Amino acid sequence: MKARRIVVFIGAALAAGCAVDQEKEIARYREVIDIVQVASPATRPADKPLGLVEAMLLANQENERLASEGENYLQALIARKRAVALFMPTADLSASYSFDGSDFASIDNSDFDLSAIGRINVFNGLRDVARLRVADLTIEQRRLLLLDLQESLLADVVRAYHNVLRLEAEVEVLEATLELQEQRVRDARGRQEAGAARMLDVSQTEAQAASTRVRLLDTRAAVKNARAALALVTGLHSATIPLVDEELL
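Keep in mind that this is a model prediction, so the values were computed, not measured. (Residues numbered from 1 in each chain as written. Predicted model: local features only at pLDDT ≥ 70, side-chain atom pairs only at ≥ 80, totals over all residues. Heavy atoms only, no water.)

Asks: A description of the overall build of the protein chain should follow, citing residues and the corresponding values.
Replies: Within the protein chain one finds six helices and four strands. Helices and strands in the protein chain line up, N terminus first, as α-α-β-α-α-β-β-α-α-β. Counting across all 249 residues of the protein chain, residues that qualify as buried make up 26%. Within the protein chain, counting contacts between residues at least 6 apart in sequence, those at least 24 apart form 74% of the total. Surface exposure of the protein chain reaches about 16,900 Å², of which carbon and sulfur atoms provide 57%. (Helix = DSSP H or I, 4+ residues; strand = E, 2+ residues; numbered from the N terminus. Buried < 20%, exposed > 50% of the residue type's maximum accessible area, 1.4 Å probe, protein only. Contact = heavy atoms within 4.5 Å. Areas by Shrake-Rupley, 256 points an atom, 1.4 Å probe, with all protein chains shown as cover.)

Printed below as a string of structure tokens:
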């Protein structure tokens, strides 16, 4: 029984050594790109106005492309640990347990062996040193790629955010213009019925109103597409979140 407990303990120790702290690993690459933590889209009030700074912070926190590149950075760190491990001494531990059931009357009819073999890399040319240098360069490359993606992502947020503001302002202008032109159409028709205006004048006024109506429909569709693009980078999928035009400090 004592031998069995030893074997179980060794197995548990090896399993603990292989365990990976996922939150700790994620924090490694978040240290490179984190600015300020904000409320996640799931807990954020749906009717709360969204400012540009918060939109950028949400994208930096929630974007999947950034998380994927962060995983590449972590893999580079792991590769360096493996390269360093080649310089360290290693030990192999093996255990065997046997039981002789031919003589149950015997007091000691079992045998437990525990053996350990150690190895050390004294000199392996320049291969291990070169591998370590390559790992360091790969880490720096992945770090710069992560920062480059972050910069590109934040620029996309700024463009998408201001594109929504511009298109929504254009919708308001077109709505006001269409209302005025429809009033002019009604006036022109009244004057034409009274004989004070030509049919050509009425047709031109109607054509102007029809053109504005088409532009309004196109711009409303563009607003939906712009908001979808903003949602893609920020993780906020509500189409009714009001945006606040603010200046970056």
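Asks: If you had to explain the packing of helix H5 (residues 127-193) against helix H6 (residues 199-234) to someone new, which residues and values would you point to?
Replies: Relative orientation of the contacting elements H5 and H6 amounts to 160 degrees, with a least axis distance of 7 Å. It follows that H5 is roughly antiparallel to H6 by the angle criterion. For the pair H5 and H6, the sense of crossing is left-handed. Per-class residue counts for the contact of H5 with H6 are 20 nonpolar, eight polar and 11 charged. (Axes fitted to C-alpha atoms, helices over the stretch in contact; angles between N-to-C directions. Parallel < 35°, antiparallel > 145°, perpendicular 65-115°, else oblique. Left-handed = near helix turned anticlockwise from the far one by under 90°. Nonpolar A, V, L, I, M, F, W, Y, C, P; charged D, E, K, R; others polar.)

Asks: Residues and numbers for the nonpolar core, please.
Replies: Tyr29, Leu50, Leu66, Val157, Tyr161, Leu230 and Leu243 are the most contacted members of the largest nonpolar core, which totals 37 residues. Elements supplying a minimum of two residues to this core: helix H2 (22-33), helix H3 (52-62), helix H4 (64-85), H5 and H6. With residues up to four places along the chain from it excluded, the contact list for tyrosine 29 reads Leu66, Ala67, Gly70, Tyr73, Leu74 and Leu146. (Core = buried A, V, L, I, M, F, W, Y, C linked by side-chain atoms within 4.5 Å.)

Asks: Summarise the environment of isoleucine 78; cite the residues concerned and give the values.
Replies: Within the secondary structure, isoleucine 78 sits in helix H4. For the pair isoleucine 78 and isoleucine 139, spaced 61 residues apart in sequence, the C-alpha to C-alpha distance is 9.6 Å.

Asks: For the pattern of salt bridges, give the residues involved together with the corresponding values.
Replies: Throughout the structure, instances matching the rule amount to 13 salt bridges. A salt bridge links arginine 227 to glutamate 168; the shortest N-O distance between them is 2.9 Å. Taken together, the residues span a long stretch of sequence, with arginine 227 in helix H6 and glutamate 168 in helix H5 at a distance of 59 residues. Its relative accessible area of 13% is what places arginine 227 among the buried residues. Residue arginine 198 is joined to aspartate 201 by a salt bridge in which the shortest nitrogen-to-oxygen separation is 3.2 Å. Overall, the relative accessible area of 26% leaves aspartate 201 in the partly exposed class. (Salt bridge = Lys/Arg side-chain N within 4 Å of Asp/Glu carboxyl O.)

Asks: Explain the layout of surface pockets to me, using residue names and the numbers behind them.
Replies: The volume enclosed by the second largest pocket comes to roughly 160 Å³. If you trace the second largest pocket, you find it lined by Glu62, Asn63, Glu64, Arg65, Ala231, Leu232, Val233, Thr234, Gly235 and His237. The element that contributes the greatest number of residues to the lining of the second largest pocket is H6, accounting for four residues. For the lining of the second largest pocket, the per-class residue count stands at three nonpolar, four polar and three charged. (1 Å grid on protein atoms, 1.4 Å probe; cavity = no way out; pocket = protein on both sides within 12 Å on 5 of 7 lines; lining within 4 Å. Points joined across faces, edges and corners; volume = space filled by probe spheres on them.)

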